[in-house]
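# Descriptive analysis of the structure
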Amino acid sequence: MIERSSRLKDVMKTPSGHDVIARLLYSFGLDENIVTKTPLGNITIGALQKLSLGKLNDTSIDALLRLLNSLDEKIVEEEETPVKEAWWKEAVFYQVYPRSFSDSNHDGIGDIKGIASRLDHIKNLGADAIWCCPFYDSPNADNGYDIRDYRKIMDEFGTMEDVEELISECHRRDLKIIIDLVMNHTSDEHEWFRKALKGDRKYRDYYIWRKQPNNWTSFFSGSAWKYFEEQKEYALHLFAEKQMDLNWDNPEVRKEMYDIAAYWLEKGADGFRLDVVSFISKSEGLPDGDPTIGSLVSFTGIEHYFHGPHLDEYLREFHENCLKKYDAYTVGECPGNGLMMSRMITGDDRSELTQLFSFDHIENPGKIRMDVYDFDLRKMIPEIVRWQTRYSNHCWPTVFFNNHDVPRMCSKIDHEGKHHDAICKLLVTMQMTLKGTPYIYQGDEVGMSDYPFESIEDYRDIEAINYYREQLEKGKSEKEILRRLLYGSRDHARTPMQWDDTLYAGFSDHEPWLKVNPNHKEINVETEEKDANSILHFYRRMIRMRKDNPALIYGSFDLIKTKKDIFAYRRQKDGRKFMIIMNLTDKEKDYPFTVHEKLISSNYEVYSNKLRAYEANVFEVEK
């Protein structure tokens, strides 16, 4: 039992205690080492009020205690066991956002045949598997993550036959394909919800209703509840108001979702990326969220569902009743889950998920996505190192910096693009030399960057549009709102893929649904194919290096202690040893020690005895 008198260093020995306290510290702009490696660890839970400099109050501490005492305390055992080899640990994944990848039917919207036509590019890059974002029938309130029919394809993307052909063409090239499965919510236009509104009691129980809403807020601004006159009640939507949360406590809902997953596995899908899967279980009674905690993490109520009371139980049931039969791979989107609770979900003896995405490294401590700031790589490294050294041999991390929900990391680090080439190459060097499964997002391989949006009319994402309206209502100036969107909008990741330097970047011969970045004249696949020193060719070389050297996959990770501006580590296995040294700043730095090893990769063409801005070098330690 965790109480106000419990010391922080003792609380952090439990999975939930570690991750919740670490997350709170992160929101204060503090690293967890302030508790684990200093006398501050003797501070009690009750004393967190002082440590938070007034950000937490008595009510917040009570809410924190309820949360800490409500979660499963089981954890993957710490015994020393060898890593189990698996195809997905060796694979490089390539994420495709269908709407923005390639348009085959000349309507300005990417589609399934467009993806199929570009598979050779993905294969030639060196990828082994594709993660394809949703292509199901949808009214597109959230670009396909609001599903109207899980067994039908969105008209503008193509047909079921197109998807079956895509799966076949992937497999013909020895590419595996995982597809996005949204299990937390459906569209309000889904047949289940329509029947619920008509009074069908069976389908009403598929969703979450209340006569009076609690204070939970939506990830897309405003209340997480929408009133429906037909039922004279409110229904829960953690995301867009057309994305209605499913009631996973209803066993019929769970069976429906397992049947849908089996349907796609029978069609040949190799597994799933599971959208916000850690949100499927909510606290009994749906209590109000603590406003103070909500202000710290930006979403009121999240403590009641980010790792709900039955999450592990439902994931094990999903595995037992569906996934195990097909030996299906799963990677879960699990916002808020930290290192220890992630081990509970992905341990190879837990039978829940294969892997997951955790996002704490994507923003600097104390920052959120809409904040205006330059990302500091140095502040990311402690989080990276924790996942490299403390995730245990029972688990395997994902290594990613971009996806469809975040601005481009190269732009977050360097908005003016002064060191664009070096940063892009540094990021892939890190991906291919750290322990874990690399996930490349479309366009990473040519160095696609953020779009120079100037007006709200340029945006398409519901999150950006709702944020703009909400901030205007709060009295914020349009200039300030647009500046924040320029730093944080998801639309940056969704601009059309840049294939060549023609009018619409080779994505389409019709005006695209979202504007093409003006820099496509220089940054595109066709141009970079002709330049042996391009980002594209560097990606191919780094992927090949990883595949040719098992030490870069299954080898041990050993951090080399240096000054904070330098990130250095060793990977070694079966007598092969590599040393990686990176300058995390835009200033020239001295090498932290004399290096005699053989240089086998660098993001600079000519060697120097100094580490230049964002230089990333890989050395092989010769026998």
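Note: the structure precedes this text.
A brief look at the structure comes next. (Residues numbered from 1 in each chain as written. Predicted model: local features only at pLDDT ≥ 70, side-chain atom pairs only at ≥ 80, totals over all residues. Heavy atoms only, no water.)

## A look at unusual backbone geometry
- Positive phi is not limited to glycine here, since Lys-232 has a value of about 55°.
- Tracing the sequence through the fold places Lys-232 in the loop between strand S8 (225–228) and strand S9 (233–236).
- We note that Leu-286 has phi near 50°; this positive angle belongs to a residue other than glycine.
- Topologically, Leu-286 is positioned in the loop between strand S11 (271–275) and helix H13 (291–297).
- Taking the relative accessible area as the measure of exposure, Leu-286 reaches 11% and is therefore buried. (Helix = DSSP H or I, 4+ residues; strand = E, 2+ residues; numbered from the N terminus. Buried < 20%, exposed > 50% of the residue type's maximum accessible area, 1.4 Å probe, protein only.)

## Considering the packing of aromatic side chains
- Inspection of every chain in the model, using the stated rule, returns 42 aromatic pairs.
- Pairing Tyr-263 with Trp-264 gives two aromatic rings, centres 5.4 Å apart and planes at 90°, and the pair type is edge-to-face.
- Members of the aromatic cluster, joined through ring pairs, are Trp-87, Trp-88, Phe-93, Trp-131, Tyr-329, Phe-357, Phe-359, Phe-400 and Tyr-439.
- Sitting above the plane of the Tyr-263 ring, Arg-151 keeps its charged end 5.3 Å from the centroid.
- Its end group placed over the ring of Trp-87, Lys-176 keeps NZ or CZ at 4.9 Å from the ring centre. (Phe/Tyr/Trp six-rings, centres within 6.5 Å; stacked < 30°, edge-to-face > 60°. Lys NZ or Arg CZ within 6 Å of the ring centre and 35° of its normal.)

## Brief notes about the pairing of strand S2 (residues 129–132)
- Judged by which residues are buried, S2 turns out to be covered on both faces: Ala-129 and Trp-131 on one side and Ile-130 and Cys-132 on the other are all buried.
- By the bridge criterion, four bridges tie strand S1 (residues 93–96) to S2 in an arrangement that is parallel. Paired with Tyr-94 across the two strands is Ile-130, which belongs to S2.
- Sheet analysis places S2 next to strand S5 (residues 176–182), joined by four bridges and oriented parallel. Looking at the pairing, Trp-131 lines up with Ile-178 of S5. (Pairing = 2+ DSSP bridges.)

## What to know about the nonpolar core
- Counting residues in hydrophobic clusters, the biggest one holds 155 residues, and the most contacted among them are Phe-135, Trp-264, Met-430, Leu-485 and Phe-567.
- Setting aside anything within four residues of it in sequence, one finds Met-430 in contact with Met-380, Ile-381, Phe-401, Phe-567, Tyr-569 and Met-582.
- The next biggest cluster of nonpolar side chains, apart from the first, holds 41 residues, and it includes Ala-22, Leu-25, Ile-208 and Leu-236. (Core = buried A, V, L, I, M, F, W, Y, C linked by side-chain atoms within 4.5 Å. Contact = heavy atoms within 4.5 Å.)

Just geometry here; none of it tells us what the structure is for.
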